[in-house]
Each structure stands twice: as structure tokens, then as C-alpha cells.
Amino acid sequence: MSQATIESILQEERLFQPPAEFSQAAHIKSLEEYQRIYAKSVAEPEVFWGELAEQELHWFQKWDKVRDWQPPFAQWFVGGKLNISYNCLDRHLTNGRRDKTALIWEGEPGDSRTFTYAELHQEVCQMANVLKKLGLEKGDRVGIYMPMIPEAAIAMLACVRIGAIHTVVFAGFSAEALKERLVDAQAKIVITADGGWRKDVIVPVKEQVNRALADNGVPSVQNVLVVKRTDQKVNMIPERDLWWHELRQDASTDCPAEPMDSEDTLFILYTSGTTGKPKGVVHTVGGYSLYSHITTKWIFDVKDSDILWCTADVGWITGHSYIIYGPLSNGATTVMYEGAPRSSNPGCFWDLIQKYRVTIFYTAPTAIRTFMKMGEELPKARDLSSLRLLGSVGEPINPTAWMWYYRVIGGKRCPVTDTWWQTETGGAMISPLPGAIPTKPGSATLPFPGIVADVVDLNGNPVGENQGGYLVIHNPWPGMLRNVYRNPDRYRSTYWEHISPKDGKYIYFTGDGARKDQDGYFWIMGRVDDVINVAGHRLGTMEVESALVSHQAVSEAAVVGRPEEIKGEEIVAFVTLEEGYFPSEELTKELKNHVVQEIGVIARPSAIRFTDALPKTRSGKIVRRVLRDLAAGKEVAGDLSTLEDRSVIEQLRSGT
Ligand code: WTA
């Protein structure tokens, strides 16, 4: 975050009360009601979560125990049996929503499709039956590498229906990144498409899958199921690759949902961390079902009449929880858009809101800042009066962007919910409940019921009011990750061993810095570890560094984030070269492309700076804070006495 942003946030004192009409009709109607619920949730967590699980979800079999906490491993609704696909589909067939629109999809070229709950149920059953026929069994892993088309949602719901574990890989990741994830998950089937539209071009997802699987690169994969979307000619490998539209013809529309144990794995989603390769975050059926459901209900205040549009990609946790599982579990109508704002159609988001009468809109600050730059004319030329609630997610929102969103998009009528959360938390953790909690521009406000958040020092002691510290969570919650796939040591060390309270209790370390103000409101300041957030996308500096050093010209690389007006942060890489290689514009270009090949476009460095040496301590550790200052064009601050060679800084500063 830039200094100017930090200062503006520190001075922010505006307070917006929930509109009276909104509160009256809301699920949670007042601050007092929130406080009452919150107090109960903390005093009696098992009663609180147990009652909600009973009221809000369908269970094939009730649990024996609400929570079993063997720090740092938690289990929820132990002994209970349910299926999230049943909760998202089947139960709506008999509760009056059978013919209600479940999913509205709009393709980038302007084509569209809608599915009622009954239709979506049929499609999901058919795909589930096809997967079964291919030999997929409960517990098997499935890679989903898809554009934003209805079949992405259908594939996810089909997997969880039969107890297969999906791992969705964002289609912007490269073949190399896809391969790495499929190998770690030992996926048996990959579901993809012949292509997808994004920014007026066809993204060749199938070709990427072919590359990832080439030379038996992922030995566990037996079949690739391909959805026809663009009619592009693609290379189908005989026997391995199968067309969905062909197999669908004979597939029955009846496939009962498998009763799953509450603690069976529901899905794995890979996310970046401080060290090593991306880790497979494991979520389980019972806890995630409840947490994604109840956060959708209370934070987005979802009613039957709502049409909810979350602009994330299903490849991220936000898409999992707030395009698919949360909205469908609540019986709402969810909108899915294949494309993105682009020069040929910069107003496409506002067109869609107008066309489908979207009531709840959820997007990222980077998008909001991009729209601000485009000007008010685009949204003002559309009828956005259907909107009643706006959400923000993925990165800190600066007060200026918040105010613009509130004023221009929400017409000063819609509450803005800034939701703080992570892949690991399953659902939003700190956020206004829009009918209850007054908002302050730039603050995610207060924790969700059942969530005990705090700002502490490294010993777990709370820091003072308005003091910066580490954002942590005490006590487990149902949507919490259960493990890192096949790596419990990493689970422990990443999340539970950073903060060491003297009483030996385990505290969940989020990796974010924050402060709490005089009203107990949380202000998230961004990552405190070696994770960077570029346009709301989370990347590990180490991943980008490994990608760079895998190029023959590179000897060493260090990557940092630099504040950027629209994207929040951008990537700057400092690189030393192997003997015989020299800095040049071509090499810069080549290295940037190399990172795109290894990870994907989201990781393309904005700048590459060549240097003879990197600033290191005497023990050989790269001193990143120095590089961060240099990248941002600031004076290098702090103690430099531990540096092995201080002349490196001079050299880096002068750019020679
Ligand atoms: C950041 C996305 C400030 C944060 C749901 C977190 C935010 C990381 C916010 C998780 C917010 C997310 N305000 N920062 N409202 N929401 N973040 O796993 O740094 O892709 O740790 O999950 O995004 O990113 P992830």
C-alpha cells in the first residue's frame, strides 16, 4: 500500500449507517442484534454452530459432536452425513424453487444461457454419471481447468455429488503451473473445454492441458473430458480425450447424491504461500457447506428475489464460495460471466447489471479503480437501480475507491461490504453485515459471528488501539482449512507456529497486517509475509523467483511487490545473470515471457532490474525490505549494518 493510501486510511472518520429500509428487511437487522448473536457465538460456539447447521442445511444423518478441536486440527459435525450438491440442488426441487432460475450465464460474444434448479440438477446428474462411467470413485481427484462457462459449475457440482474431490485451476495459469497442481493432487480426470472467450480472444485451454499432460507428465491422469464451447479445432488424444456432448447423450439424468461424511474432503484449492510451491488447501464437506451458506446469507443478505453477481473466476476461492456453493445453497439466482471488461466493451459489467437486474454485485478493488479511471459516464449511462448491495474482496480497498463505488455504482443507496478473507478461511471472516453494522470507507469492520479475530504481536499479545500488528484468529471455525494436502507439517508451520503465545495455545496466523480502531473496527494493511497481491491475485515471491532462476541466463533472483495505483501492487524482479549473459531489452522481454510460461500472465513482472549482486546478510539471506524500498523509489530505511556489502545498494540505486 502506498504511503498516501495509508495516510488517508488513518484519517478516515466517515461513518455510514445501514439504510433504515435495508435494515428492516435484512436477516440481521441491527447492531444490537449482531452483538447479541456474536456474544452467543463466542460464549457457546457449539450451540451456535450446531443450531445453524440444523436450521440451514439438509443432513442425511445428524452429527454426534459439533466440534472436535485437537489443536491445530479441527473437525466439525463429526459423524454427520450430507452432500453439498444435494443442498445446492435437490432440496430446491421440493421447496418451491424447482423452476426458479439458478444460474444465468453470459458469454463474452453475447450469447447466454439460463438454467432453472431442475435443469441444473439434471445436467449435474448427467455429468456425475459420465464421471462414474469413466471409473471415477469417491475420494478420487479431478482437475478442472475451464473457462467461465456453465459447465465449470456443472463439473464442480458433479464431482462433489459423487464424492470426488475437485481441484479447480484458474485457466489463466500456464500449462506448467497446471501440471504442478495436477501432479500434487494426483488427479485421475481433467475436465476442460476446447477454448473460452476472454478479452476478445479465444483462450486455448485444451492446448494447455495437452502441454501439461505431454510425455506422460501427469501419470495419474487417465481421461480428459472436453466441453465444446468455441468450436476451435483441438488436438484430441485418442482414448484419453472424450467429448462431453457425446457422452452426455446416453447419460441418465438421475444420480443420487452420495452421503458424505462431514469431514470427508470436499475440494482442494491451490494457493500461494511464503515458501515453496503452491499448497493444496483442503476443505471438508460439513464445515465448508455451512460456512459458505451462512456467510452468503448474512453478508449478502440473500433473499429469494436476489440476483447475485460475483465477478471472480471459479478458479479462485471467491468463485467457489460466492458464485457456486453459497448462492445455490441459499436458493438464489447466481450470475456467471465468461469475459472481462475490455477496450471493445468497457461498460460490459454495467450492461450485465442492467440486463439481468442484478441486485447484489461483488467485485475487487482493482476492478473498481479501473472503472474509476474510465470515468463515471459508462455506469451512469446504464440503469443500475436494481442494485441493493455492493461487495468488495481480494485486497485492501482505499477510501477513495470505496466512496466512488458507493456513490457512482450504488447511488448512495447500497451498503458496501468490504469482506476480508482467504482461500484458507472458506468464507468471509471480517465484514459488515449490511443491515446491522455501520461502515467506514476502507475498513472491513467487524468479525463474522463465531470468528474471534485480533491484532497481536509475535507473542500473541494484543497490540494497543490503532497499533499495527498481525491479524490472527483464535479458535477454529467451520470453514477453516483442515490441512495442506499431503503435507500436515506445512499446515502446522504455515498457519499455527508463527505466533507463539506464552500459554502455548494455538493461534491462526493469517499473514496479513492490520490495526483495530477505537470502535473495534479492523483495517487490513496487506500481507506481512513474502506473498504479494497483484490485482487481487495472490502470488508467492518465491514462486516467481523459482520461475526466473529456471531460465538459463539467471543466476539469482529476488522478487518484491511495488505499490501501484490500480493493481495495488506490481512485481519487480531483481536479477543477477550467469556468466556470459548481459542485460538487454531482449533479455528483459524473454525473462518476463519465461515467467508467464512457468506460472501464467498474472505473474508477469512489471520490471526486471539487472544487478551484479543482491543485498544479503552475512549469512547469505536476501534483505527484501531493502529491495522493496528500492523498487518503490524510496530511500532505503532501517538498519543496514547486517548487510555483507553495502556498496550493492549504491549500485542498485544508480541502476548500473
Ligand atoms: C487479501 C481471497 C484486504 C489478504 C478471498 C488475504 C484482503 C489475501 C481482503 C487472501 C480485503 C482479501 N481487504 N485484504 N477485503 N480480502 N485480502 O486466498 O491479503 O486469494 O490474506 O483469498 O487477500 O487471498 P486469497
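Structure: above.
The rules behind these values
- Counting restarts for each chain: residues are numbered from 1 in the order of the written sequence.
- Thresholds applied to this predicted model are a pLDDT of at least 70 for local features of residues and 80 or more for the giving and counting of side-chain atom pairs; totals over whole chains, interfaces and linings are not thresholded and use all residues.
- In computing side-chain properties, one takes all heavy atoms of the structure into account and sets aside hydrogens as well as water.
- Every helix listed is a DSSP run of H or I at least four residues long, and every strand listed is a run of E at least two residues long, numbered separately from the N terminus.
- Put simply, the radius of gyration uses C-alpha atoms, and a globule should come to 2.2 Å times the residue count raised to 0.38.
- Only protein chains enter the accessibility calculation, which uses a 1.4 Å probe; a residue whose area is less than 20% of its type maximum is buried, one above 50% is exposed, and one in between is partly exposed.
- In what follows, residue pairs with any heavy atoms lying within 4.5 Å of each other are defined as contacts.
- Calculation of accessible area relied on Shrake-Rupley with a 1.4 Å probe; when residues are assessed, cover is drawn exclusively from the protein chains displayed.
- In this tally, Asp and Glu contribute negative charge and Lys and Arg positive charge; neither His nor the terminal groups of the chain are included.
- By convention, charge coordinates are those of NZ in Lys, CZ in Arg, CG in Asp, or CD in Glu.
- Among buried residues, the Ala, Val, Leu, Ile, Met, Phe, Trp, Tyr and Cys ones that are joined through side-chain atoms within 4.5 Å form a nonpolar core.
- In this analysis, the expected span of each helix is defined as 1.5 Å times one less than the number of residues it contains.
- Nearness is defined per residue: one heavy atom within 4 Å of the molecule or strand is enough.
- N or O atoms closer than or at 3.5 Å make up a polar contact, with two conditions inside protein: a donor-capable atom paired with an acceptor-capable one, and, for residues adjacent in sequence, both atoms drawn from side chains.
- For helices, the axis comes from a line fit to the C-alpha atoms of the stretch in contact; other axes are also lines fit to C-alpha atoms, and the angle between any two N-to-C directions lies between 0 and 180 degrees.
- Should an angle lie under 35 degrees it is considered roughly parallel, over 145 roughly antiparallel, and from 65 to 115 roughly perpendicular; all remaining angles are considered oblique.
- Helix crossings fall into two classes, left-handed where the near helix is turned counterclockwise from the far one by less than a right angle and right-handed where it is turned clockwise.
- Amino acid classes used here: Ala, Val, Leu, Ile, Met, Phe, Trp, Tyr, Cys and Pro are nonpolar; Asp, Glu, Lys and Arg are charged; the rest, including Gly, are polar.
- Any Lys or Arg side-chain nitrogen found within 4 Å of a carboxyl oxygen on Asp or Glu counts as a salt bridge.
- Each cavity reported here is a set of points on a 1 Å grid over the protein atoms alone in which a 1.4 Å probe fits but cannot get out, each pocket an open set with protein on both sides within 12 Å along at least five of seven lines, and each lining residue one with an atom within 4 Å of a point.
- Grid points are joined across faces, edges and corners, and a volume is the space filled by probe spheres set on the points.

A. The overall build of the protein chain, seen in detail. In terms of regular secondary structure, the protein chain is built from 21 helices and 30 strands. Scaling as 2.2 N^0.38, a compact globule of 656 residues should have a C-alpha radius of gyration of about 26 Å, and the protein chain matches this with 24 Å. Expressed as a percentage of the 656 residues in the protein chain, the buried residues total 62%. Counting only contacts in the protein chain whose residues sit at least 6 apart along the sequence, the fraction spanning at least 24 positions is 71%. Surface summary for the protein chain: the accessible area is close to 24900 Å², and the carbon and sulfur share equals 47%. When the 71 basic and 83 acidic side-chain charges of the protein chain are each reduced to a single mean position, those positions are 2 Å apart.

B. Focus on the nonpolar core. Ranked by size, the top nonpolar core spans 166 residues in total, and within it Trp49, Leu120, Leu131, Ile191, Leu548 and Val575 carry the most contacts. Counting residues in each nonpolar core, the second largest holds 31 residues, with Val335, Cys348, Met403 and Val416 among its members.

C. Layout of helix H6 (residues 117-133). The end-to-end C-alpha separation of H6 is 24 Å, in line with the 24 Å expected for 17 residues at 1.5 Å each. For H6, the buried fraction is high: 13 of the 17 residues fall into the buried class. Following H6 by one or two positions, Gly135 has its phi on the positive side, about 95 degrees.

D. A look at the side chain of Ser41. In this structure, Ser41 sits in helix H3 (residues 31-43). Non-local contacts of Ser41, meaning those with residues more than four positions away in its chain, are made with Phe48, Pro449 and Gly450.

E. Local environment of the site of the ligand. Taken together, 17 residues surround the ligand, and among them Asp418, Thr419, Thr423, Asp512 and Arg538 come closest. Between a nitrogen atom of the ligand and a main-chain N or O atom of Glu395, the distance comes to 3.3 Å. Asp512 places a side-chain nitrogen or oxygen 2.5 Å from an oxygen atom of the ligand. Burial of the ligand by the protein amounts to 96% of the accessible area it has alone, namely 520 Å². Mapped by element, the contributors of at least two residues to the shell around the ligand are helix H12 (317-329), strand E20 (416-419) and strand E25 (522-527).

F. Up close: the environment of Arg161. Inspection of the secondary structure assignment puts Arg161 in helix H7 (residues 150-161). For Arg161, a relative accessible area of 1% puts it in the buried group. It is 41 Å that separates the C-alpha atoms of Arg161 and Gly411, two residues lying 250 residues apart in sequence. The contact partners of Arg161, leaving out residues within four places of it in the chain, are Asn83, Ser85, Tyr86, Asp90, His121, Val124, Cys125, Ala128, Cys255, Pro256, Ala257 and Glu258. At 2.8 Å, the side chain of Arg161 and the side chain of Ser85 are in polar contact.

G. Structural context of the packing of H7 against H12. Remark: H7 packs on H12, axes separated minimally by 11 Å, with the N-to-C direction vectors making an angle of 60 degrees. Viewed along their axes, H7 and H12 adopt a mutual orientation that is oblique. The chirality of how H7 crosses H12 is right-handed. Here Ala153, Met156, Leu157 and Val160 of H7 lie close against H12, whose contacting residues are His320, Ile324, Tyr325 and Leu328. Here the contact of H7 with H12 is built from residues that sort into seven nonpolar, one polar and no charged.

H. Just the pattern of salt bridges, in detail. Summed over the entire model, instances satisfying the criterion amount to 41 salt bridges. Note that Glu263 is salt-bridged to Arg482, the shortest N-O span being 3.1 Å. With a gap of 219 residues between them, Glu263 in the loop between strand E13 (260-261) and strand E14 (265-271) and Arg482 in the loop between strand E22 (469-474) and strand E23 (483-484) connect regions that are remote in the sequence. Among the salt bridges present, the one from Arg357 reaches Asp383, with a minimum N-O distance of 3.2 Å. Linking Arg357 in the loop between helix H13 (348-356) and strand E18 (360-363) with Asp383 in the loop between helix H15 (377-380) and strand E19 (389-393), this pair joins segments that are 26 residues apart in sequence. Overall, the relative accessible area of 37% leaves Arg357 in the partly exposed class. Residues participating in the shared-partner salt-bridge network are Asp301, Lys303, Asp306 and Arg388.

I. Structural view of empty space enclosed by the protein. Counting across every chain of the model gives four cavities of 30 Å³ or more. A volume near 50 Å³ is recorded for the largest cavity. Counting residues per element, the ones that place at least two in the lining of the largest cavity are H3 and helix H4 (45-56). Residues belonging to the lining of the largest cavity are distributed by class as follows: five nonpolar, three polar and one charged.

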